[in-house]
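Close look at the chain arrangement
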Amino acid sequence: MRSLLSLLFALLLLPCSALSLERSPDALVQQVTDDVLNIVRQDKDIQSGDTRKALDLVETKVLPHFDFQRMTALAVGRNWREATPEQKQRLSEEFKKLLVRTYSNALTSYKDQTISYRPTKLEAGETDVVVKTEVVQPGNKPVQLNYALEKQGGGWKVYDVIVSGVSLVTNYRGSFAREVRSKGIDGLIQMLGEKNKQLETGNK
Amino acid sequence: MKPLFSRPLAAYACAATIVAASGCATTVDHDPADPFEGFNRAMFAVNEGLDTVAIKPIAKGYDAVSPLPVKVAVGNFFGNIWDSWTAINNLLQGKGGDALSDVGRVLVNSTIGIGGVFDVASEMGLTKHSEEFGQTLGKWGVPNGPYFYWPIIGPRTTRDTAGWLVDTTYDPVWRIDDVPLRNSLVALRYIDLRASVLPADKVIEEAAFDKYSYIRDAYLQNRRSEIFDGNPPPLFP
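Here the structure is a predicted model, which means the values were calculated and not measured.

Concerning the overall build of chain A
Helices and strands together make up the secondary structure of chain A, namely seven helices and five strands. Listed N to C, the secondary structure of chain A is α-α-α-α-α-α-β-β-β-β-β-α in terms of helices and strands. Taken over 204 residues, chain A has a buried fraction of 30%. Sequence-distant contacts in chain A: of pairs separated by 6 or more residues, those separated by 24 or more amount to 57%.

And the structure:
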């Protein structure tokens, strides 16, 4: 009984301790990246394209540091304000699934690259910052991989991932806006839902 | 020097396209950046077909048989040739320091790096830059113009198509007199480049609702970022 209590206690403390550390945004990005890549480097299944395992890894290690509501709002653009709270909720849920999958697919293609971290200038009181990293790949020019973070309460949350200047979030703006114009917010929710379902059945 | 078949060919292709494009720009609800979407989608389909039956399988084969050091050497070799053009473009954009560093890279890599096969300069701290004439035009204030999706060379705005023509005219590989050697090198460079982006295939395939517009939107964002050397002013406040 006592061990059960201490376990519960530890579980309760876990998220708090992670928050109270007050890590700087660049330290957070570096730590999460290093953690994830260390696992990928040792996991032959992920390296050979096991999407399920990569999805689990992203869900446990990366997901808690992302603000999907903000990401979805960015991708949907102007139409976001017209959505009901329930529609917003469903949009975020579906968009989250899609982004997690995109991120996982990128991880399974990770091979011989190394990450270098660019210094991040952070003014006192700043609540919005871009952390710049570079994916160095032998024989090719390095790829810029940047994270936009916002300070929320106790910690920093990622709200955009930018690869070679391409935002994985705002790149959807055009196609999302087109869908909303022709079929409304519910049409967009349906489009996202169908895509996710199709991806799920595609590679179990 | 022999005449470059690529130049007249590309010029004809351009002329033919503009005629063809004006006839088939009938897509509803199109992006203002992409007035010739009908034509572009047709060309995109052609390229996807070519890629599926020929280019991708060859690139996969090349990727499978070449050990990493070979691929790195090939990438470095062509990268070194391109660095001289990068230097000129940096100079044209008024970035003297970068241009000087690029000249240093070519000197170091061509000698100590044995003809560019080893990228010693990067290890010495001379960062590799990515420049071509399309970016230079962009820096000079030339706007994108309509977006095009060309066969073989893929997405280019009108400005970047012009830039590409100038790039190809300069390109030392295209200027080699020995035609079989020139063609082999051009093909090797193309396949090596295709092989290097093989891992991105699945990411794009699964992320995109409509692959054509996903690639177009990404291309336009990427070019904007390149012109501002990775620090574009925010587009969405």
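Back to the text.
Points about the overall build of chain B
Helix and strand counts for chain B stand at ten helices and two strands. Taken from the N to the C terminus, the helices and strands of chain B come in the order α-α-α-α-α-α-β-β-α-α-α-α. Here chain B, with 237 residues, has 29% of them falling under the buried criterion. Contacts spanning at least 24 positions in sequence make up 56% of the contacts within chain B whose residues lie at least 6 apart.

Some details on the interface of chain B and chain A
Taken together, the contact between chain B and chain A spans 30 residues of the former and 24 residues of the latter. Examining the composition of the side of chain B that touches chain A, we find that nine residues originate from one element, helix H10 (residues 211-227) of chain B, more than from any other. Residues that form the side of chain B that touches chain A fall into these classes: eleven nonpolar, nine polar and ten charged.

Some details on the packing of helix H6 (residues 85-108) of chain A against helix H9 (residues 198-207) of chain B
Two numbers describe a pair of packed helices, the interaxial angle and the distance between the axes. With their axes 8 Å apart at the nearest point, H6(A) and H9(B) run at an angle of 170 degrees to one another. Considering their axes alone, H6(A) and H9(B) lie roughly antiparallel with respect to each other. Of the residues in H9(B), those touching H6(A) at Arg101(A), Thr102(A), Asn105(A) and Ala106(A) are Lys202(B), Val203(B), Glu206(B) and Ala207(B).

Examining the packing of helix H2 (residues 37-65) of chain B against helix H8 (residues 179-196) of chain B
Residues and elements named next belong to chain B. Viewed as axis vectors pointing N to C, H2 and H8 meet at an angle of 85 degrees, and their least axial separation amounts to 8 Å. Compared by their axis directions, H2 and H8 come out roughly perpendicular. Of the residues in H8, those in contact with Ile55, Ile58, Ala59, Tyr62 and Asp63 of H2 are Ile191, Arg194 and Ala195. Of the residues that constitute the contact of H2 with H8, the class distribution is six nonpolar, no polar and two charged.

Thoughts on the pairing of strand S1 (residues 147-150) of chain B
Pairing between S1(B) and strand S2 (residues 154-157) of chain B: four bridges, direction antiparallel. Each residue of the ladder has a partner; that of Trp150(B), found in S2(B), is Gly154(B).

Section: the nonpolar core
Core analysis: the largest hydrophobic core is formed by 45 residues, its most contacted members being Met71(A), Ala75(A), Phe95(A), Leu149(A) and Leu188(A). Among the secondary structure elements, those contributing two or more residues to this core are helix H2 (25-42), helix H4 (51-62), helix H5 (68-76), H6, strand S3 (143-152), strand S4 (155-163) and helix H7 (173-202) of chain A together with H9 of chain B. It is H6(A) that contributes the most residues to this core, seven residues altogether. Ignoring anything within four residues of it in the chain, the contact list for Leu188(A) reads Leu91(A), Phe176(A), Glu179(A) and Val180(A). Grouped together as the second largest cluster of nonpolar side chains are eight residues, Phe36(B), Phe44(B), Tyr147(B) and Leu220(B) included.

Comments concerning H5(A)
All names here are of chain A. For H5, the buried fraction is high: seven of the nine residues fall into the buried class. If you check which residues of H5 are buried, you get Phe68, Met71, Thr72, Ala73, Leu74, Ala75 and Val76. The elements touched by buried residues of H5 are H6, S4 and H7. Gly77, located one to two residues past H5, shows a positive phi value of around 70 degrees.

Some remarks on helix H3 (residues 68-92) of chain B
All names here are of chain B. Helix length check: H3, at 25 residues, gives a terminal C-alpha distance of 35 Å against a target of 36 Å (1.5 Å per residue), a fit within 8%. The axis of H3 is deflected most strongly, by about 30 degrees, at Ile81. One or two residues past the end of H3 sits Gly94, with phi positive at roughly 80 degrees.

Focus: the confidence of the model for chain B
Residue and element names in this part refer to chain B. In this model, chain B carries an average pLDDT of 89, and 86% of its residues clear a pLDDT of 70 or more. Ranking the helices and strands of chain B by mean pLDDT puts S1 first, with 98, and helix H1 (residues 6-23) last, with 49. Below a pLDDT of 50 lies the segment residues 1-10, which in the model reaches ten contacts outside its immediate sequence neighbourhood of four places, other chains included. Below pLDDT 50 for its whole length, residues 18-27 participates in twelve contacts with residues either more than four positions away or in separate chains. Confidence estimates for the predicted assembly give a pTM of 0.85 and an ipTM of 0.84.

Brief notes about the sheet that holds strand S1 (residues 114-117) of chain A
All names here are of chain A. Reading across the sheet, the five strands line up as S1-S2-S3-S4-S5 and stay open at both edges, with antiparallel pairing between neighbours. Since the sheet does not close on itself, it has two edges, and those belong to S1 and strand S5 (166-167), each with one partner. Here eight bridges tie strand S2 (residues 128-136) to S3, and the two strands are oriented antiparallel to one another. Following the sheet pairing, Thr133 is matched in S3 by Leu145. Relative to S2, H2 is tilted by about 35 degrees, and along the sheet it contacts S1, S2, S3 and S4.

Rules used in this analysis
Residues numbered from 1 in each chain as written. Chains lettered and ligands numbered in written order. Predicted model: local features only at pLDDT ≥ 70, side-chain atom pairs only at ≥ 80, totals over all residues. Helix = DSSP H or I, 4+ residues; strand = E, 2+ residues; numbered from the N terminus. Buried ≥ 20, exposed ≤ 12 C-beta atoms within 10 Å, placed from the backbone. Contact = placed C-beta atoms within 7 Å. Nonpolar A, V, L, I, M, F, W, Y, C, P; charged D, E, K, R; others polar. Axes fitted to C-alpha atoms, helices over the stretch in contact; angles between N-to-C directions. Parallel < 35°, antiparallel > 145°, perpendicular 65-115°, else oblique. Pairing = 2+ DSSP bridges. Core = buried A, V, L, I, M, F, W, Y, C linked by C-beta atoms within 7 Å. Expected span 1.5 Å × (residues − 1). Bend = angle between axes of the 7 residues up to and from the residue. pLDDT = per-residue confidence, 0-100.

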